[in-house]
Amino acid sequence: MLVVGAPATDIKAADWLQFAGAMVGVVFAIWGALAVEHWRQREAEGKEELLLLTSMIALLQAAKKFETIVEFNEDFEDFVPQAQKAVSSLEDAKAMIALVSPSAKVRDLKLWQDIRFVEGKIKEHELLYDPHRDILRSDQDLERIYNSFQIWVREIEPVATRIVSVLKKRRSLV
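Conventions used here
- Residues numbered from 1 in each chain as written.
- Predicted model: local features only at pLDDT ≥ 70, side-chain atom pairs only at ≥ 80, totals over all residues.
- Heavy atoms only, no water.
- Helix = DSSP H or I, 4+ residues; strand = E, 2+ residues; numbered from the N terminus.
- Buried < 20%, exposed > 50% of the residue type's maximum accessible area, 1.4 Å probe, protein only.
- Contact = heavy atoms within 4.5 Å.
- Salt bridge = Lys/Arg side-chain N within 4 Å of Asp/Glu carboxyl O.
- Core = buried A, V, L, I, M, F, W, Y, C linked by side-chain atoms within 4.5 Å.
- Patch = residues over 30% accessible without salt bridge, like charges linked within 9 Å, V, L, I, M, F, W, Y side chains within 5 Å.
- Areas by Shrake-Rupley, 256 points an atom, 1.4 Å probe, with all protein chains shown as cover.
- Phe/Tyr/Trp six-rings, centres within 6.5 Å; stacked < 30°, edge-to-face > 60°.
- Lys NZ or Arg CZ within 6 Å of the ring centre and 35° of its normal.
- Expected span 1.5 Å × (residues − 1).
- Polar contact = N/O pair within 3.5 Å; in protein donor to acceptor, adjacent residues only side chain to side chain.

Draft legend 1. A look at the overall build of the chain. In terms of helices and strands, the chain carries four helices and zero strands. Along the chain, helices and strands appear, N-terminal first, in the series α-α-α-α. Counting only residues that meet the buried cut, the chain has 31% of its 174 residues in that class. Sequence separation of at least 24 residues holds for 83% of the intrachain contacts in the chain that already meet a minimum separation of 6.

Draft legend 2. Structural detail: the pattern of salt bridges. One pass over the full model with this rule turns up seven salt bridges. Close ionic contact of Lys121 with Glu124 constitutes a salt bridge, the shortest N to O distance being 3.4 Å. Taken together, the residues Lys121 and Glu124, both in helix H3 (residues 109–128) and three residues apart, mark about one turn of the helix. Judged by relative accessible area, which is 39%, Glu124 ranks as partly exposed. Residue Glu155 pairs with Lys121 through a salt bridge whose shortest N-O separation is 3.1 Å. Of this pair, Glu155 sits in helix H4 (residues 139–173) while Lys121 sits in helix H3; the two residues are 34 residues apart in sequence, bridging distant segments of the chain. Each of Lys110, Asp114 and Arg162 takes part in a single network of salt bridges with overlapping partners.

Draft legend 3. Expanded view of the nonpolar core. Ranked by internal contacts, the top residues of the largest apolar core, which has 32 residues, are Met56, Leu59, Phe66, Leu90, Val118 and Ile163. At the level of elements, helix H1 (13–64), helix H2 (76–100), H3 and H4 are the ones that each hand at least two residues to this core. Excluding anything up to four places from it in sequence, Phe66 contacts Ala86, Val87, Leu90, Tyr146, Phe149, Gln150 and Val153.

Draft legend 4. The arrangement of a nonpolar patch on the surface in detail. A surface patch of nonpolar side chains, about 450 Å² in accessible area, is lined by Ile11, Trp16, Phe19 and Met23. Here Trp16 is to be found in helix H1.

Draft legend 5. Quick peek at the packing of aromatic side chains. The full count for this structure, using the stated rule, is zero aromatic pairs. Over the face of the ring belonging to Trp152 we find Lys94, whose NZ or CZ atom lies 5.3 Å from the ring centre.

Draft legend 6. H1, seen in detail. A rise of 1.5 Å per residue sets the reference length of H1, with its 52 residues, at 76 Å; its end C-alpha atoms lie 75 Å apart and thus fit the reference within 8%. All buried positions along H1 are accounted for by Glu45, Gly46, Glu49, Leu52, Leu53, Ser55, Met56, Ala58, Leu59, Leu60, Ala62 and Ala63.

Draft legend 7. Region of interest: the environment of Lys94. Relative to the helices and strands, Lys94 is located in helix H2. With a relative accessible area of 1%, Lys94 lands in the buried category. With 38 residues separating them along the chain, Lys94 and Met56 place their C-alpha atoms 9.0 Å apart. Reaching out from Lys94, the side chain makes a polar contact with the side chain of Glu91 at a distance of 3.1 Å.

Listed below in structure tokens is the structure:
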């Protein structure tokens, strides 16, 4: 015979509320810890992206100094300091990118490919031009180095511009 009636336990409503409150508290504590960790991770990634953005902007600003095509006639004396300054600023930008880009965590595949392309071009150019080896001994040396930098800048500038625009969009979303 089956008897239907009240449960035989003596659990009071206050005990059930206490249990439910403890469960909700545990869930919110775990959720809060995960939210804080996610926020910290986004902050760290944002700082890395800002460093990468700054280094790419420095590269583009240095690249603009190579846009002028100079005819080497009477104004070559004025050209020498400008060319040396342009080469120096581009070397600084390349060094900054080499320092920042390996540590940057990028989740966008196209952005990652573009960054690796820039890194590859930097390594390729370092094989062609070594500031310690290619000492500026004559005007022809400077002209040759300047022209090689111009060609290199033309190859790398569109990709660096694309990287800057993507990183600026991502910074505006955060």
